[in-house]
Every structure is written in C-alpha cells, then in structure tokens.
Amino acid sequence: MHSGVNWWILLIALSATVASFAQVLLKKSANEEHKNVIEEYLNWKVIAGYGLMFVGMFLTIIAYGKGVQYKNGPIMESIGNIWVVILSFLFFREPITRNKVIGNILILLGIAAFYLNWADIIPGLSFMNMSWGSLLGR
C-alpha cells in the first residue's frame, strides 16, 4: 500500500477538462457564419476541438490501462459538467444560474458520497464501501 493521490484517477478528471475545452471550441465554431459547408467543418476550431476530444479519450485509455477501476471513470468524468458551466460563463457570457450552481453542488456531493466509507456510517452498508482509498491510491 502506498499513500498519496492516485494520479491515474486524476488523469481521467484531466481528460474531462480537456473535453470541456474541446466543447467550447466546437460551440464557438458552430456560432460563426461560414462561407460554405467545407469551411464549416474544416476550420481550425473544429479541427482543434476534435483533436482535443481525441487527446481526452487517449488520456482516459491510459488511465484505465494503468489500473483505474472502471467504476471510477464516470464519477471523475462528471467533473466535465462543472467545467462546462464555468467555461460557458467565461467564453459565451452564459449566466451561472441558481439551478446550475445547485446542479454542480449535487455533482460534488455525488462524488463525495461515492467515496464515503459507508460501513463507518451505517454498519450494514459495507457492500457500498468505496472509500477515499481508491482516489488516494491506498
């Protein structure tokens, strides 16, 4: 056993962040007028956006290949939803509404609940134990 952060799980969170930036580029391109269909799909924002999507996918594959359990992937990928709200505000001036804040808080609470040591809280729920050890590399 070793202590410290499990960097491979955090690599999945990084891949979600990269994918969020890719979505910004794709939306920016979609909001622009293009001279023709070819320029609509072959411009630097679309190419860079899909390139970043590929990088994000590649980072996730590396993390799974290094031993990240599949149950951790969707949990860490949900961080991308938080990034989308932040990046939409920064790049598109979309308002951060009360519902978006509540949604992001629920995402963070869901991540925390996933990693709780349930047996310490309610003795009969040991089957739900995930513990922070998975995230922290223990």
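Every value quoted in this text rests on a predicted model; they were computed, and no experiment measured them.

Reading the values: rules and limits
Residues numbered from 1 in each chain as written. Predicted model: local features only at pLDDT ≥ 70, side-chain atom pairs only at ≥ 80, totals over all residues. Heavy atoms only, no water. Helix = DSSP H or I, 4+ residues; strand = E, 2+ residues; numbered from the N terminus. Buried < 20%, exposed > 50% of the residue type's maximum accessible area, 1.4 Å probe, protein only. Contact = heavy atoms within 4.5 Å. Areas by Shrake-Rupley, 256 points an atom, 1.4 Å probe, with all protein chains shown as cover. Axes fitted to C-alpha atoms, helices over the stretch in contact; angles between N-to-C directions. Parallel < 35°, antiparallel > 145°, perpendicular 65-115°, else oblique. Left-handed = near helix turned anticlockwise from the far one by under 90°. Nonpolar A, V, L, I, M, F, W, Y, C, P; charged D, E, K, R; others polar. Salt bridge = Lys/Arg side-chain N within 4 Å of Asp/Glu carboxyl O.

> Sorry, what's going on with the overall build of the chain here?
Assigned secondary structure in the chain consists of 8 helices and 0 strands. Put simply, the chain has 138 residues, and 34% of those count as buried. Long-range pairs, those at least 24 residues apart, make up 68% of the contacts in the chain with a sequence separation of at least 6. Carbon and sulfur atoms form 69% of the exposed surface of the chain, whose accessible area is close to 8900 Å².

> Just to check I follow, could you spell out the environment of Val 85 for this structure?
On the secondary structure map, Val 85 appears in helix 5 (residues 79-92). Expressed as a C-alpha distance, the spacing of Val 85 and Val 101, which sit 16 residues apart in the sequence, is 8.7 Å. Setting aside anything within four residues of it in sequence, one finds Val 85 in contact with Ile 96, Lys 100 and Asn 104.

> Explain the packing of helix 5 against helix 6 (residues 98-114) here, please?
Describing two packed helices takes the angle between their axes plus the distance from one axis to the other. Put simply, helix 5 and helix 6 touch, their axes get as near as 9 Å, and they point 155 degrees apart. Classed by the angle they form, the pair helix 5 and helix 6 counts as roughly antiparallel. The way helix 5 lies across helix 6 gives a crossing that is left-handed. Of helix 6, the residues touching helix 5 (which contributes Ile 79, Asn 81, Ile 82 and Val 85) are Lys 100, Asn 104, Ile 107, Leu 108 and Ile 111. Here the residues of the contact of helix 5 with helix 6 are counted per class, giving 6 nonpolar, 2 polar and 1 charged.

> Sorry if this is basic, but what is going on with the packing of helix 1 (residues 7-30) against helix 5 here?
At their nearest, the axes of helix 1 and helix 5 sit 9 Å apart, and the two run at 35 degrees to each other. Regarding helix 1 and helix 5, the two cross each other, and that crossing is right-handed. Counted together, Ala 13, Ala 16, Thr 17, Ser 20, Phe 21, Gln 23, Val 24, Lys 27 and Lys 28 of helix 1 and Ile 79, Gly 80, Trp 83, Val 84, Leu 87, Phe 91 and Phe 92 of helix 5 form the full contact between these two elements. Its residues placed into classes, the contact of helix 1 with helix 5 shows 10 nonpolar, 4 polar and 2 charged.

> Which parts of the structure should I look at to understand the pattern of salt bridges?
When their charged atoms lie close together, side chains carrying opposite charge are able to pair. Evaluated as defined, the whole model comprises 2 salt bridges. Here Glu 94 ties to Lys 27 by a salt bridge, and the two come within 2.4 Å at their closest N and O atoms. Of this pair, Glu 94 sits in the loop between helix 5 and helix 6 while Lys 27 sits in helix 1; the two residues are 67 residues apart in sequence, bridging distant segments of the chain. The class of Glu 94 is partly exposed, set by a relative accessible area of 23%. Judged by its relative accessible area of 33%, Lys 27 falls in the partly exposed class.

Taken by themselves, the reported measurements are silent on function.
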